[in-house]
Amino acid sequence: LSNNAYFSLSDSVRVIPYDTIKPVAPLLKYVSVTSSNSVKVKWDLSASGDVKFYEVHRISPTGTDSYVGTAVYTDTLIDNSAPVQLNSYCYYVIAIDSCNGVNRSPKSNTLCTEDMQVVVTPGCVPLSHIRWTKCKAFDELPVQEFEVWRTVDGVTWNMIRKVPATDTAYTDSTVSLAKTY
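In this report, the structure presented in the accompanying data block is examined. The model shown is predicted, which means the values in this text are computed figures rather than measured ones.

What to know about the sheet that holds strand E7 (residues 111-112)
The strand order across the open sheet formed by four strands is E4-E3-E6-E7, and the pairing between neighbours is antiparallel. Each end of this open sheet is capped by a strand with a single partner; those strands are strand E4 (65-72) and E7. Where strand E3 (residues 51-59) meets strand E6 (residues 90-97), eight bridges bridge the pair, whose relative direction is antiparallel. The residue bridging Val51 from the neighbouring strand is Asp97, located in E6.

Structure below.
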């Protein structure tokens, strides 16, 4: 070449960074019915540092798996589409990698709402049997008792009983037939 210029050729490599590591599954802490069609779903964030999205899924009593919504950089989602007064629903969460949406964690543990119904015993005595599962979040707390609350109008709540933390069921004999609680 002229003018004291140099010409050089070299090999080149094109590098495309690609994240292939799936996040660790989050830990579902609790699902809590907050109204007749609303459920609060709460989880511990994934231990993986690069998670941006969490997909929340609901499993119906018939086993149908439905996508509920996506939470971004948070550990809580409110599901406003579940008619929980009629059925018990189960939930799980999947963490999605922030760099590559194909990298999805395994499903979290599954937790369910409770199906609470008024039943009539022989002798026509109406009873409401309530059963629950102790929330994972309570494992870290010194819980000594649970409070059972009831509403008739969906607005005003009244505590009807305190039960020991070792209990996972309660039978309410103060309910009436043809009333919604």
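Focus: the pattern of salt bridges
Inspection of the entire model under this criterion finds six salt bridges. Lys42 is paired through a salt bridge with Asp75; the nearest N and O atoms lie 2.9 Å apart. Placement of the pair is Lys42 in strand E2 (residues 38-44) and Asp75 in the loop between E4 and strand E5 (76-79), with a sequence separation of 33 residues. Of the residues examined, Asp75 reaches a relative accessible area of 23% and is grouped as partly exposed. Salt-bridge contacts for Asp79 lead to Arg58; the nearest nitrogen and oxygen are separated by 2.5 Å. With Asp79 in strand E5 and Arg58 in strand E3, this residue pair connects regions lying 21 residues apart in the sequence. Judged on exposure class, the residue Asp79 and its partner Arg58 are both buried.

A few points about the sheet that holds E5
Paired through backbone hydrogen bonds, the strands of a sheet run either parallel or antiparallel to each other. Pairing within the open sheet is antiparallel, and its three strands lie in the order E1-E2-E5. Taken across any chain shown, the strands that pair with only one partner, and hence form the sheet edges, are strand E1 (27-35) and E5. For this sheet, the mean angle separating the axes of adjacent strands, direction not counted, is 20 degrees. The pairing of E1 with E2 spans seven bridges and is antiparallel. The residue of E2 that forms the bridge with Leu28 is Trp43.

Calculation notes
Residues numbered from 1 in each chain as written. Predicted model: local features only at pLDDT ≥ 70, side-chain atom pairs only at ≥ 80, totals over all residues. Heavy atoms only, no water. Pairing = 2+ DSSP bridges. Helix = DSSP H or I, 4+ residues; strand = E, 2+ residues; numbered from the N terminus. Salt bridge = Lys/Arg side-chain N within 4 Å of Asp/Glu carboxyl O. Buried < 20%, exposed > 50% of the residue type's maximum accessible area, 1.4 Å probe, protein only. Axes fitted to C-alpha atoms, helices over the stretch in contact; angles between N-to-C directions.

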